[in-house]
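Listed below, chain by chain, are the residues.
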Amino acid sequence: MVSPLLVTLISAIELFNNQPIFQDPIAAPRSPYSYLTVKTSTYLGERIYYLEAAIGKQIPIATLKLDTATFQFGIDAAAWIDLGYDDGAFPLLLQDFYFGFPLSFKYNNFSVALKFGHISSHVGDGLDGMLEKTLSDKERQEYEQAERIGSSYGYSVSLTEPINYSRDFESLQLAYATKINSVDTKLYAQAGYAHRMFPKYLGRWFVGNGLEFEYAGAYFTPYYAQDVTWNLDVDSVDISSQLGTIINKKTGDLIELRLCLTLYAGSDRRGQLVGRKLRQVGFGMLVK
């Protein structure tokens, strides 16, 4: 005989028709949101401009609502793509992929998420073309000669050395959201550990915190978000921030659009460039 309590719990579970009860930090570089931004930074001493696009989504699978608390299981997925520009074309420079499985809990203004995630990175063909433009005449001749020799033996020669970067990790995130006068405020902290990491010599812990301020309006409301995370993989404190306006606050099934200026200083979180210092400025639109 099935327990009445079990029947009650099962009947209280809602599938696929809820919003995430734990909202990932807006400013964190690898949160699963969608956006399109124009960004600039220096690479090998040269100022470069590129498009960075992301397709990401938090997908609640099952939600259990009790009197004072809510539990939720879901799936996170995202892909980040960097596109360069060369004579009317947009060569692919870098691409990163992520998926995760969050278990979330919410009580009043507190929310917690325990996540199991995977992230991996891949280099695009366009990065070679960008690097080739930085070569001197002598270096270019040597590179072209190496290409001809490699082609005669049936293999390709590349300026970029592909890095087998990936990590499988667990993370714990805690957030507290409240309203101060007319400002919606959220404070959060997180910590995580990669139980599987390539390259293996990279550090595995990361710890961070952040804040978000949003004016409590319906349209064109200003907001500011900041994330500060210490990543042990390259022993770096990384600071990411956004300043912009929320075109429309999300209601129901509608999407939320944000125009924002983005700033980043720290280690490059794109896996193929892991370990490089990065100072990056961007402007674009984020979809939540």
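Computed from a prediction, not measured in an experiment: that's the story for all the values here. (Residues numbered from 1 in each chain as written. Predicted model: local features only at pLDDT ≥ 70, side-chain atom pairs only at ≥ 80, totals over all residues. Heavy atoms only, no water.)

Here's the deal with the pattern of salt bridges
Moving on, step 1. Inspection of every chain in the model, using the stated rule, returns 15 salt bridges.
Moving on, step 2. The partner of Asp82 in a salt bridge is Arg270, with the nearest N and O atoms 2.4 Å apart. Residue Asp82 is found in strand β4 (residues 69-83), and its partner Arg270 is found in the loop between β12 (257-267) and β13 (277-287); the two are separated by 188 residues along the sequence.
Moving on, step 3. The buried category is assigned to Arg270, whose relative accessible area is 9%.
Moving on, step 4. One salt bridge in this structure joins Lys179 and Asp184, with 2.7 Å as the shortest N-O distance.
Moving on, step 5. Take Lys179: its relative accessible area is 46%, and that puts it in the partly exposed class.
Moving on, step 6. Each of Lys179, Asp184, Glu214, Lys249, Glu256 and Arg258 takes part in salt bridges that share partners, so that together they form one network. (Salt bridge = Lys/Arg side-chain N within 4 Å of Asp/Glu carboxyl O. Helix = DSSP H or I, 4+ residues; strand = E, 2+ residues; numbered from the N terminus. Buried < 20%, exposed > 50% of the residue type's maximum accessible area, 1.4 Å probe, protein only.)

Describing unusual backbone geometry
Moving on, step 1. Residues Phe198 and Pro199 are joined by a peptide bond in cis, for which omega reads 0°.
Moving on, step 2. With respect to the helices, strands and loops of the structure, Pro199 is situated in the loop between β8 (183-198) and β9 (205-215).
Moving on, step 3. Backbone geometry places Asn181, a non-glycine residue, at a positive phi of 55°.
Moving on, step 4. One non-glycine residue with positive phi stands out, namely Asp235, at about 50°.
Moving on, step 5. Exposure remark for Asp235: the relative accessible area of 53% places this residue in the exposed category.

Structural notes on the packing of aromatic side chains
For any pair of aromatic rings, geometry is given as the distance between the ring centres together with the angle between the planes.
Moving on, step 1. If you walk through the whole model with that rule in mind, you get seven aromatic pairs.
Moving on, step 2. Between Phe71 and Phe105 the ring centres are 5.0 Å apart and the planes differ by 45°, which places this aromatic pair in the tilted class. With a gap of 34 residues between them, Phe71 in strand β4 and Phe105 in strand β5 (residues 92-107) connect regions that are remote in the sequence.
Moving on, step 3. For Phe105, a relative accessible area of 30% corresponds to the partly exposed category.
Moving on, step 4. Measuring from centroid to centroid gives 4.8 Å for Tyr193 and Trp205, while their planes differ by 50°, and the two rings are tilted. Within this pair, whereas Tyr193 is found in strand β8, its partner Trp205 is found in strand β9, the two being separated by 12 residues in sequence.
Moving on, step 5. Feature note: the residues Trp80, Tyr98, Phe169 and Phe206 constitute an aromatic cluster, connected by ring pairs.
Moving on, step 6. Positioned over the ring face of Trp80 is Arg30, at 4.3 Å from the centre of the ring.
Moving on, step 7. Sitting over the face of the ring of Phe169, Arg167 holds its NZ or CZ atom 5.1 Å from the ring centroid. (Phe/Tyr/Trp six-rings, centres within 6.5 Å; stacked < 30°, edge-to-face > 60°. Lys NZ or Arg CZ within 6 Å of the ring centre and 35° of its normal.)

Comments concerning the environment of Val183
Moving on, step 1. Inspection of the secondary structure puts Val183 in strand β8.
Moving on, step 2. Its relative accessible area of 28% is what places Val183 among the partly exposed residues.
Moving on, step 3. Note: C-alpha distance between Val183 and Ala216 (33 residues apart in sequence) is 5.4 Å.
Moving on, step 4. Setting aside its immediate chain neighbours within four residues, Val183 contacts Thr178, Phe213 and Glu214. (Contact = heavy atoms within 4.5 Å.)

Looking at the nonpolar core
Moving on, step 1. Ile26, Trp80, Tyr98 and Phe169 are the most contacted members of the largest nonpolar core, which totals 21 residues.
Moving on, step 2. Listing elements by their share of this core, those giving two or more residues are β4, β8 and β10 (219-231).
Moving on, step 3. For Phe169, the residues in contact, after removing those within four places along its chain, are Tyr98, Lys115, Phe116, Gly117, His118, Ile119, Tyr193, Ala194, His195 and Phe206.
Moving on, step 4. Residues Tyr43, Tyr50, Leu93 and Leu273 belong to the second largest nonpolar core, which totals six residues. (Core = buried A, V, L, I, M, F, W, Y, C linked by side-chain atoms within 4.5 Å.)

Details of empty space enclosed by the protein
Moving on, step 1. Under the counting rule described, the total for this entry stands at three cavities of 30 Å³ or more.
Moving on, step 2. The space that makes up the largest cavity amounts to roughly 430 Å³.
Moving on, step 3. Every residue lining the largest cavity is counted, 25 residues in all, and those nearest its centre are Ala28, Arg30, Arg167, Gln190 and Phe206.
Moving on, step 4. At the level of secondary structure, the elements contributing two or more residues to the lining of the largest cavity comprise β5, β6 (110-123), β7 (166-180) and β10.
Moving on, step 5. If one sorts the elements of the lining of the largest cavity by residue count, β7 sits on top with four residues.
Moving on, step 6. Taken together, the residues of the lining of the largest cavity sort by class into 11 nonpolar, six polar and eight charged.
Moving on, step 7. Along the walls of the second largest cavity sit 24 residues, with Pro29, Tyr35, Lys39, Glu52 and Ser240 positioned nearest its centre.
Moving on, step 8. Those elements that place two or more of their residues in the lining of the second largest cavity are β2 (34-43), β11 (236-248), β12 and β13. (1 Å grid on protein atoms, 1.4 Å probe; cavity = no way out; pocket = protein on both sides within 12 Å on 5 of 7 lines; lining within 4 Å. Points joined across faces, edges and corners; volume = space filled by probe spheres on them. Nonpolar A, V, L, I, M, F, W, Y, C, P; charged D, E, K, R; others polar.)

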